[in-house]
Structures are given as structure tokens and as C-alpha cells.
Amino acid sequence: MSVLSEYKHLFPLDSIQKVCDLFEEQLRSNKEPDLALFSIIVGSVENNLTNVKNSDKDVNLASNKFIKMKFPSVEWDEVKSLYERFVSLMRSGVDAKLLSGDLASRDLVKRVADVVWNSLTRSYYKDRAHLQSIYSFLTGNKLDCFGVAFAVTAGCQVLGKNDVHLALSEDHAWVVFGKDGLNTAEVTWHGKGNEDKRGRSVGDGVQARSWLYVAGKPVICTRIMELAALVSSINPTLTPSIDVHEVALMQHRLLWLLYEKGKKYLLFE
């Protein structure tokens with residue numbers, strides 16, 4: 001996991017270029033990308049720019065499909081505070097006994113998932129926009145399906161369990177863990193009433209071979225791929241018919257940066 005203070009010199013992040021500089025510095029490093037840190041940063045930009053209440057009052061939303069807005073300034077103190085709150089939540093919510101050994105156990109993965117779930121509001125947000133980041137989790141206690149799985153993966157990472165990774169299909173997300181990532185665990189939902197499946201193995205039965213689990217051939221992410229998944233999940237929509245130019249451009253540039261600088265990881269790991 002990265003040392004948070006190593007990125008302090010790049011703040012405040014008040015332009016798309018500075019966000020790209022942060023990602024590029026990470027890609028030049030030999031250290032794993034810190035999922036929680038990057039999710040807080042991109043989530044802060046997205047949520048601030050796609051908040052209708054914060055939108056430019058001079059912009060006539062009814063006459064636009066794509067609007068330009070002033071890029072927010074993401075301050076070091078805010079990011080540091082949110083990051084430390086996430087780490088504290090994970091450490092205080094997980095029994096130290098579950099942290100023994102080099103690899104994560106099913107009990108640990110389930111406990112981290114429970115910590116995330118128990119922090120969420122009780123409303124159902126599966127199909128709402130802008131709820132995929134740890135920023136949304138920490139500031140509004142809301143996450144969508146992908147966001148829950150990402151937060152569980154990031155939570156395990158800050159606890160030192162680097163064998164826990166995202167598994168993605170077209171319409172679902174879960175985690176793999178253990179030696180060679182051979183163990184699977186549900187940590188989020190797919191439809192209402194599935195909360196009790198947290199911690200269960202995806203299994204080898206008929207369901208595991210269904211379209212939801214892509215016949216047992218999901219995308220198993222490396223850390224760099226999880227970073228790419230985070231960027232891919234960015235949503236530039238301000239309203240159902242209007243996108244924010246700066247969010248879309250940030251996503252576009254970060255995806256190209258990840259491809260150009262990180263393709264050796266994406267293609268060969």
C-alpha cells in the first residue's frame with residue numbers, strides 16, 4: 001500500500017492535468033496503487049461537478065447536452081481526513097484475530113463486507129449515479145453494487161491483505177482471495193433480498209455457470225486493472241440528458257494514461 005504523504009506535493013488538485021500527474025506518478029512507482037486514495041480523489045471531483053445544486057446558475061440546463069464547469073480544487077487536508085476515516089473504520093470494525101496470516105480468510109472478507117454494509121443508509125441505491133466511489137461512501141453512506149465490491153477490496157488492502165481482488169462480469173462484482181485467488185466471495189447484491197449472501201462462495205453449480213458469472217470466466221483484476229475499473233466507473237452525467245465536460249474529459253485522459261503507461265500490466269499480468 002502506498003504511503004499517503006508521498007502524494008502531498010501534488011495538492012491541491014485543481015485541474016485535470018494535476019489528477020493525471022497523480023496517476024502518472026503512481027504508474028511510475030513500483031508500489032501498488034492505493035485503491036482507497038484514488039477512489040476518494042476521483043469521487044470528489046465527480047461528485048462535486050455532477051451536483052446539480054453546485055452547477056453554474058448561468059447555465060441553461062434545458063438548452064445543453066454537454067456543459068463546461070469550473071474544475072474543483074481537491075485539497076490535501078480533505079483527502080487525508082477522508083482516507084484516515086476509511087482506514088480507522090476498517091481497523092476498528094475488524095477483530096485483530098481475523099488479520100492473522102499472510103492471506104485473507106473468508107471470515108475476514110465477510111467481516112469487511114459487513115463493515116461496509118452496516119455503514120450504508122438503509123435505502124436501495126443500486127441504479128443511482130455517482131455512488132461508486134469511497135468518497136460517496138464516506139460523505140453520504142451510499143454505494144452501488146460495484147462500489148460495495150470496490151470498497152471491500154480497498155478495505156482488505158488497507159488491512160494488509162493484498163490477495164483480495166475484484167472479480168467483474170458485465171453486470172455483477174464480487175471478490176477473489178487466497179492462494180492464487182482460488183476462493184470467491186459475494187460481498188454485494190444483485191437484486192433485493194440478497195444481503196444474506198455476503199461471504200458465500202460463488203460456487204461451482206449451475207448459478208456459477210450462468211450469464212451473471214460469465215460461465216466462471218470473469219475478469220479477475222490486478223491492482224492496475226482495479227484502478228482502470230475505478231476510472232471506467234466514473235459517470236459524467238449531471239442530469240439524464242446532460243454530461244459535464246470536465247468529468248468526461250478527465251475520464252477520457254485517465255483511461256488513455258492507464259493504457260499508455262500501464263498497458264504492460266494490463267496485457268501481461
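Our subject is the structure that appears above.
This report concerns the structure included in the present document. Everything numeric in this text was worked out from a predicted model, so none of it was measured.

With an omega of 0 degrees, the peptide bond between F11 and P12 qualifies as cis. Locating P12 in the fold gives a position in the segment before α1 (16-28). Residue D180 is not a glycine yet carries a positive backbone phi of 60 degrees. Judged by relative accessible area, which is 66%, D180 ranks as exposed. A positive phi angle is found at A215, which is not glycine, with a value near 55 degrees.

Moving on to α1. Look at α1: 18 Å from first C-alpha to last across 13 residues, which is about the 18 Å you get at 1.5 Å a residue. Within α1, burial applies to I16, V19, C20, L22, F23, Q26 and L27. Angular distribution of buried residues about the axis of α1 spans 155 degrees; they occupy a single face of the element.

For the pair helix α2 (residues 35-49) and helix α7 (residues 223-232), interaxial distance at closest approach is 11 Å and the crossing angle is 15 degrees. Taken together, α2 and α7 sit at an angle that is classed as roughly parallel. When the axes of α2 and α7 are compared, the crossing they make is right-handed. Facing L35, F38, S39 and V42 of α2, the residues of α7 in contact are R223, E226, L227 and L230. Of the residues that constitute the contact of α2 with α7, the class distribution is five nonpolar, one polar and two charged.

All right, on to the side chain of Q132 then. By the secondary structure assignment, Q132 is in the loop between α4 (106-119) and α5 (134-140). For Q132, a relative accessible area of 4% puts it in the buried group. A polar side-chain atom of Q132 sits 2.8 Å from a polar atom in the side chain of E46. One polar contact links the side chain of Q132 to the main-chain carbonyl oxygen of S233, over a distance of 3.0 Å. Apart from residues lying up to four places away in sequence, Q132 is in contact with E46, L143, D144, F146, G147, S233, I234 and N235.

This part covers the sheet that holds strand β3 (residues 173-177). Taken together, four strands build an open sheet; the order of strands is β4-β3-β2-β5 and the sheet is antiparallel. Edge positions in the open sheet fall to β4 (183-185) and β5 (219-220), since each of these has one partner strand only. Pairing between β3 and β4: three bridges, direction antiparallel. Residue pairing across strands places V175 opposite A185, the latter belonging to β4. Of the strands in this sheet, β3 and β4 are in contact with α4, which crosses β4 at around 25 degrees. Against the sheet, helix α6 (residues 145-158) touches β2 (165-168) and β3, its axis set at about 20 degrees to β3.

In this section: the nonpolar core. A general trend in soluble globular proteins is that nonpolar side chains are found buried together. F23, F86, I134, V152 and L254 are the most contacted members of the largest nonpolar core, which totals 83 residues. Tallying contributions element by element places α6 first for this core, with ten residues. Contact partners of V152, with chain neighbours within four places excluded, come to V109, V112, A113, V116, V175 and V187. Counting residues in each nonpolar core, the second largest holds six residues, with A167, W174, V176 and V202 among its members.

What counts as what
Residues numbered from 1 in each chain as written. Predicted model: local features only at pLDDT ≥ 70, side-chain atom pairs only at ≥ 80, totals over all residues. Heavy atoms only, no water. Helix = DSSP H or I, 4+ residues; strand = E, 2+ residues; numbered from the N terminus. Buried < 20%, exposed > 50% of the residue type's maximum accessible area, 1.4 Å probe, protein only. Expected span 1.5 Å × (residues − 1). Arc of directions from axis to C-beta. Axes fitted to C-alpha atoms, helices over the stretch in contact; angles between N-to-C directions. Parallel < 35°, antiparallel > 145°, perpendicular 65-115°, else oblique. Left-handed = near helix turned anticlockwise from the far one by under 90°. Contact = heavy atoms within 4.5 Å. Nonpolar A, V, L, I, M, F, W, Y, C, P; charged D, E, K, R; others polar. Polar contact = N/O pair within 3.5 Å; in protein donor to acceptor, adjacent residues only side chain to side chain. Pairing = 2+ DSSP bridges. Core = buried A, V, L, I, M, F, W, Y, C linked by side-chain atoms within 4.5 Å.

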